[in-house]
Amino acid sequence: MLLAIETSCDETAAAVIAGDGQLQSNIIASQVDFHARFGGVVPEIASRKHTEAIVGVVDAALEAAGRTYTSCDAIAVTYAPGLIGALVVGVAFAKGLSWAAGLPLIVVNHLEGHIYANRLSEALEPPFVIALLSGGHTMLVHVRDWGNYQVLGQTLDDAVGEAFDKVAKALGLGYPGGPIIGRLAAEGNPAAIEFPRALLHSGDLAFSLSGLKTAVLTYIRQEQAAGRELDVPDVAASFQQAIIDVQVAKALKALEQTGAKTFALGGGVAANQALRQAYTQALEARGIRVICPPQLACTDNAAMIALVALDRYRAAHFASLDIDAQATSNLEEPY
Ligand code: KG4
Ligand code: ZN
């Protein structure tokens, strides 16, 4: 039985998993309301809210599993990558618990968690290609085996989720922008406005989102300056389509390049319905199996951290108490 803790961004989360991989509890306390009026995550607020919430969230996860921490076999925690001040809260708490209860400590890479989240709904075996699309990351990864990752390409500037959030902010729609834009886009025309598809024909697997973001913001300003009323669903749908076109084209290229026959998704943006449909349509037509994590497992949670932790526990990959949280990490490096 393992307790897993996740505090890398703006959700304080804890989960308990049994040795056979059955999830016993999965608690998430979102801070989203505290960040919403700023249109994005404020790191200082995130740290403070984690500090306030962590005891209650861990207690709730243990209680829902009918356990106390002394009946756990190890304590696991996300140690990288993310907001350093947010990660530190989880890491310090997990270290304290590990020391006090005399339990081994397991550290988990947050991105590896998003990869494992696909196992919450379906049996999945490497090799496969995964698109990790969140507020902080946009990358294609070749999962050769569990724990063996090759980063095929990533964003040169903004992350996809960041673009959703910034466009939503410019449209006055609130935070987080992804779900709101996704809903509005369903009512709009994706071909209404021609926004740029950056690096679509670059021949590699790199992404660039800052030009698209600027193009949308410029369009909004121009329309407003001309006194025309914005068709918000059309803007949302056209922006989202520009993202989808590039993501699908590069996913296909990654699959061709690696020869993998399975494609998976991870990160908050993977909750986007239109994107999931576009991948499924384009890839299944080419005989690729497409796996999407359950919507709730796309955004940050501790269940996905618990799954990684279980593999690390079985491999006796324990951390010492002098380990530190890290804002960045190299997914290709074993840890
Ligand atoms: O993985 P996540 O919860 O946190 C990070 O590790 O960043 O991802 C959060 C991001 C936010 O930018 C949010 O706007 C985006 O995921 N997001 C979505 C959707 N739901 C969340 N983007 C597009 N469509 C959605 N339905
Ligand atoms: Zn995440």
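Everything below is about the structure shown above.
As the structure is a computational prediction, the values presented were derived from the model and not from experiment.

Draft legend 1. Main features of the site of ligand 1. In the region of ligand 1, 19 residues are neighbours, and Gly135, Asp165, Gly178, Gly268 and Asn272 sit closest. Here an oxygen atom of ligand 1 and a backbone polar atom of Gly135 are 2.8 Å apart. At 3.0 Å, a backbone N or O of Gly178 approaches an oxygen atom of ligand 1. For ligand 1, whose accessible area on its own is 560 Å², the fraction buried by protein is 90%.

Draft legend 2. Spatial organisation of the coordination of the zinc ion (ligand 2). The coordination sphere of the zinc ion (ligand 2), as far as protein atoms go, consists of His110 (NE2), His114 (NE2) and Asp300 (OD), spread over 2.1 to 2.2 Å. Donor residues for the zinc ion (ligand 2) sit on one chain with the sequence pattern H-x3-H-x185-D. Of the two residues, His110 is situated in helix α4 (residues 110-116) and Asp300 in the loop between α10 (295-298) and α11 (303-314); the sequence distance between them amounts to 190 residues. Each member of the pair, His110 as well as Asp300, is classed as buried.

Draft legend 3. Geometry of the sheet that holds strand β8 (residues 148-154). If you walk across this open sheet you meet the five strands as β8-β7-β6-β9-β10, and the pairing is mixed. What marks the edges here is a single partner per strand, and that holds for β8 and β10 (289-291). Neighbour-to-neighbour, the strand axes of this sheet turn through a mean angle of 25°, independent of strand direction. Across three bridges, the pairing between strand β9 (residues 262-266) and β10 is parallel. Residue pairing in the sheet places Thr262 in a bridge with Arg289 of β10.

Criteria and thresholds
Within each chain, residue numbers correspond to sequence positions counted from 1 in written order. Working convention: letters from A go to chains and numbers from 1 go to ligands, in the order in which they are written. pLDDT decides what is reported in this predicted model: residues at 70 or higher carry local features, side-chain atom pairs at 80 or more are listed and counted, and totals for whole chains, interfaces and linings draw on all residues regardless. For side-chain calculations, the full set of non-hydrogen atoms in the structure is used, while hydrogens and water are omitted. A single heavy atom is enough: if one lies within 4 Å of a molecule or strand, its residue is considered near that molecule or strand. We call two N or O atoms a polar contact when they sit within 3.5 Å, provided that within protein one can donate a hydrogen and the other can accept it, with sequence-adjacent residues counted only if both atoms are side-chain atoms. Methods summary: accessible areas were calculated by the Shrake-Rupley approach with a probe of 1.4 Å, and residue burial reflects only the protein chains presented. Donor atoms are limited to N, O and S found within 2.8 Å of the metal ion, a distance that becomes 3.2 Å for Na, K and Ca. With water left out, some sites might look partial. Numbering goes from the N terminus for both helices and strands, where a helix is a DSSP run of H or I of at least four residues and a strand is a run of E of at least two. In this scheme, a residue with accessible area under 20% of its type's maximum is buried, one over 50% is exposed, and one in between is partly exposed, where area comes from a 1.4 Å probe on protein chains only. In short, DSSP must find at least two bridges between two strands for them to pair. Comment: axis = line fitted to C-alpha atoms, over the contacting stretch for helices; angle = value between 0 and 180 degrees taken between N-to-C directions.

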